[in-house]
Structures are given as structure tokens and as C-alpha cells.
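Breakdown of the fold
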Amino acid sequence: APSSSPMSSLKVQLTQAAAPSPPSISFVERYKVAVEARINLKHVHRRLQVVAKLLIVATFVEDALRMLFKFDQQQQSMEIAGWTSPALHTLLPLLSLAVQSCGALLVLASSGVGGEVGCYLLLGWCVWHPFMYGQAGNREFVLETATISGGLLILLSHLLLLRTKAPLLGESGPGAVGTPARVQAVGRVLLVSFFLSFALSLAHAWAVSLPLGAGDGPGVWGRGTQAVELVLSLLVLSLCGLVVLGMKSRHVALLLAAAVFAAAVSVTAANVVTLLLHSSDTFPVEDTAGMEGVEADAATIADHQRYFFFQSMSTVGALLLLVVHGPGALSVDEQDGPIKIASEKAEA
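Keep in mind that this is a model prediction, so the values were computed, not measured. (Residues numbered from 1 in each chain as written. Predicted model: local features only at pLDDT ≥ 70, side-chain atom pairs only at ≥ 80, totals over all residues. Heavy atoms only, no water.)

1. Considerations on the overall build of the protein
Looking only at helices and strands, the protein has 14 helices and 2 strands in total. Relative to its full complement of 348 residues, the protein shows a buried share of 37%. If you take every contact in the protein between residues at least 6 apart in sequence, the share linking residues at least 24 apart comes to 72%. Accessible surface computed for the protein: about 19,400 Å², of which carbon and sulfur atoms make up 68%. (Helix = DSSP H or I, 4+ residues; strand = E, 2+ residues; numbered from the N terminus. Buried < 20%, exposed > 50% of the residue type's maximum accessible area, 1.4 Å probe, protein only. Contact = heavy atoms within 4.5 Å. Areas by Shrake-Rupley, 256 points an atom, 1.4 Å probe, with all protein chains shown as cover.)

2. A look at the packing of aromatic side chains
By the definition in use, this model includes 5 aromatic pairs. Taking the centre distance of 5.8 Å and the plane angle of 75 degrees together, the rings of F194 and F195 count as edge-to-face. Using a relative accessible area of 22% as the deciding quantity, one classes F194 as partly exposed. These aromatic residues form a ring-pair network of at least three members: F141, Y307 and F308. (Phe/Tyr/Trp six-rings, centres within 6.5 Å; stacked < 30°, edge-to-face > 60°.)

3. With respect to the pattern of salt bridges
In this structure the tally under the stated criterion is 3 salt bridges. Of the charged contacts in the structure, one is a salt bridge between E62 and R306, with a shortest N-O distance of 3.3 Å. In this pair, E62 is assigned in helix α4 (residues 58–69) and R306 in helix α13 (residues 298–325), connecting sequence segments 244 residues apart. Its relative accessible area of 8% is what places E62 among the buried residues. Overall, R306 belongs to the partly exposed group, its relative accessible area being 33%. R66 is the partner of D63 in a salt bridge, and the nearest nitrogen-oxygen pair spans 2.8 Å. (Salt bridge = Lys/Arg side-chain N within 4 Å of Asp/Glu carboxyl O.)

4. Things to note about helix α7 (residues 113–132)
With 20 residues, α7 should reach 28 Å at 1.5 Å per residue; the first-to-last C-alpha distance of 28 Å fits that figure. Maximal helix bending in α7 amounts to about 30 degrees, located at C126; proline P130 follows within four positions. Where α7 is concerned, the buried positions are G115, E116, G118, C119, L122, L123, W125, C126, H129, P130 and M132. Just downstream of α7, G134 is the residue with a positive phi angle, here 70 degrees. (Expected span 1.5 Å × (residues − 1). Bend = angle between axes of the 7 residues up to and from the residue.)

5. Describing the nonpolar core
Counting 48 residues, the largest nonpolar core has I56, F60, L152, L156, F195 and L319 as the members making the most contacts within it. Leave out the neighbours within four places in its chain, and F195 touches T147, V236, C240, L256, V260, T315 and L319. Counting 6 residues, the second largest nonpolar core, distinct from the first, contains L275, F283, A296 and I301. (Core = buried A, V, L, I, M, F, W, Y, C linked by side-chain atoms within 4.5 Å.)

6. Details of the packing of helix α5 (residues 71–80) against helix α6 (residues 86–109)
Each packed pair of helices is defined by two parameters, the angle between the axes and the distance between the axes. One way to put it is that α5 packs onto α6 with a least axis distance of 8 Å and a crossing angle of 120 degrees. For α5 against α6, the interelement crossing comes out right-handed. When α5 is examined against α6, the residues F71, Q74, Q75, M78 and E79 are found in contact with a partner set consisting of L88, H89, T90, L92, P93 and L94. Class assignment of the residues belonging to the contact of α5 with α6 gives a composition of 6 nonpolar, 4 polar and 1 charged. (Axes fitted to C-alpha atoms, helices over the stretch in contact; angles between N-to-C directions. Left-handed = near helix turned anticlockwise from the far one by under 90°. Nonpolar A, V, L, I, M, F, W, Y, C, P; charged D, E, K, R; others polar.)

7. Focus on helix α10 (residues 193–208)
With 16 residues, α10 should reach 22 Å at 1.5 Å per residue; the first-to-last C-alpha distance of 22 Å fits that figure. For α10, every residue scored as buried is listed here: S193, F195, S197, A199 and L202.

8. Structural notes on the side chain of S314
Mapped onto the secondary structure, S314 falls in helix α13. The exposure class of S314 is buried, given its relative accessible area of 0%. If we skip the residues at most four places from it in the chain, S314 touches L55, I56, V57, A58, T59 and I148.

9. So, unusual backbone geometry
Look at K248: it is not a glycine, yet its phi comes out positive at around 55 degrees. With respect to the element layout, K248 can be found in the loop between α11 (220–245) and α12 (249–277). When its relative accessible area of 51% is taken as the criterion, K248 is described as exposed.

The structure is reproduced here in C-alpha cells:
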């Protein structure tokens, strides 16, 4: 065969040089593809949804069981909270038992109208709960309840979406952003309320610890503590802003859920060890408005610690619901459409 001319060879080389090279795949994308090839993400998504629902109702179930098995103590709690009528000392714990148990069962058992009713019951209880126990002035108590309410609103928005069959975005027609998306956006705001308060408390502690004059500043350890408080407060504020805006909110919610879970387990374990080693001692009642300076036995303190632990678990469940269902239409991440968790291969 005749050899090609130098001119034709040059044209071939120029054409190959001008041809676009195939796009490079980043390490993250390669890792994602490898994970999807080995794990059915659809099954993971479903199991995470079940775990999130179990966790978010954990504090309601625990509180209802406490009403059932320690009814006399709950009557005393109503008296301490300021309710003067003996009839209310009995009726209010019964109301608590009925509302929380029914709401939790409906949320767990139904993904339809029953689940919506359960969410409404538990949301109503979240509003009433601080007033019933006289804790409306306890900022930490109220904000933790608000965070759990945010998770319930995210779950409610998903249930409304399933019932109405209306997409969160609504790709056509008036009212493109419907009620489910608005409910979900409010839920995101409430979801970070406790963390926002925590960040502002750190910022306040940092501002108070600043030196007031020359020569009276902190030492090296004090300056290090100030720097940690400032960085941590800015980090938490940034994460809260990302959740509210719906920007990388799934990743942020997963990070916060892991942090809350680790903190709750470590603090509870330390408290359990302390109570076991000093079971005959009395301890001050902390984080409870109206009981400042009051001391209680180890069993009562353990009961309080168990309540706070399950409340933290419900906060973890609320955050996981955001991981499962995403931020919705009123967000930066999904304003152009919801991001699917499962891959096409996983769904097949």
C-alpha cells in the first residue's frame, strides 16, 4: 500500500490534538461509583428512614412509659411545676401518656394520613410540654424541643408529599412551591435552633473571656481556650446557615447527627459510672428550671439523665430525617429538582 504523504500525517496529528480529551473522573466520583457497585443504596435509604423515625419518637415513647410506670412521681412533678389542682396532678400525666403513645404509634405504623395525624399530635405536645412542666423559661429545654419539632415537620412534609402526589418543586402550574416545601423549610429552621443557641453561647463565652485591660489578659492556656471557642462557634454557625439555606444540608445534618450521638453516649456513660460509684450520695438537679439548688438521690438523677439521653436521640433522628428526605424545593441544593439518594443501578 502506498505510504501516506507528510501532509496527511500532519493533518491526522492536528486532528487528534484538537479532539477533546475524555473528562477525568475525580477520586470522590470513583469512590462513589465503587460504593454503589457494592451496596444497594436504595435499601440503605429505606433502613435509614426507619431508624430516623424510631429515633425521633424515642423521647416520646420513653416519656410515655415513664408516665405509665412512675405515675406517682409524675403527679409530684405536676405539683412542683405549679399546678395547684389535685385533679390536674392526675389528668395531666394521663393526657401525656395518651398523646405521646398514640402519636408515636401513628408515626411508626403509617406513612399516610395516620402518620400525619401522629405528627400533628406530637407537634402539639412539643408546644405544650414546656408549659406543663414549668420549663418555658428553660432555654435549653425549649430549644431541644424546637429541634425535635423541626424533625417532625420534615417528616410531615414528606407525608404530605406522598398523600397529595404533588412534587416538592411542582414543575408546572401556579404554586410551584407547595405546602410540603414550605413545611420542610420551616422544619430546617427549627432543626438548627438548639445548635444555633449553642454557637451563640460559645461566642458569648469567648467575648466575656477577652482581656478587659492591659496586663490582665489570659495566659497561654486561656488564649488557646478563647481561640477554640471562637473557631467552634463560627463553625457551628456556618453549619446552621448551610442547613437553613439548604446547601449541602444532607452532609451537614449527617455530621451534626454523628456529633450529637457521640456526645450523648459519652456524657451518659460518664454519668452512669459516676452514679454507680456514688449510688448512696445526693446530686444537684441541673438543667431543670425551678429546681435550682435542689439535690436528689442517684435514682432520680439517673431518671433525668435517661430523659436527656433519649431527647438527644430524638435530635439525632430529626437530623437523619433531613439526610433521608433532603432540603426540598426552598433550598439551594434542590431548587432545580430533588437529588436522588439511590443510583439507577440500585433502583433496578
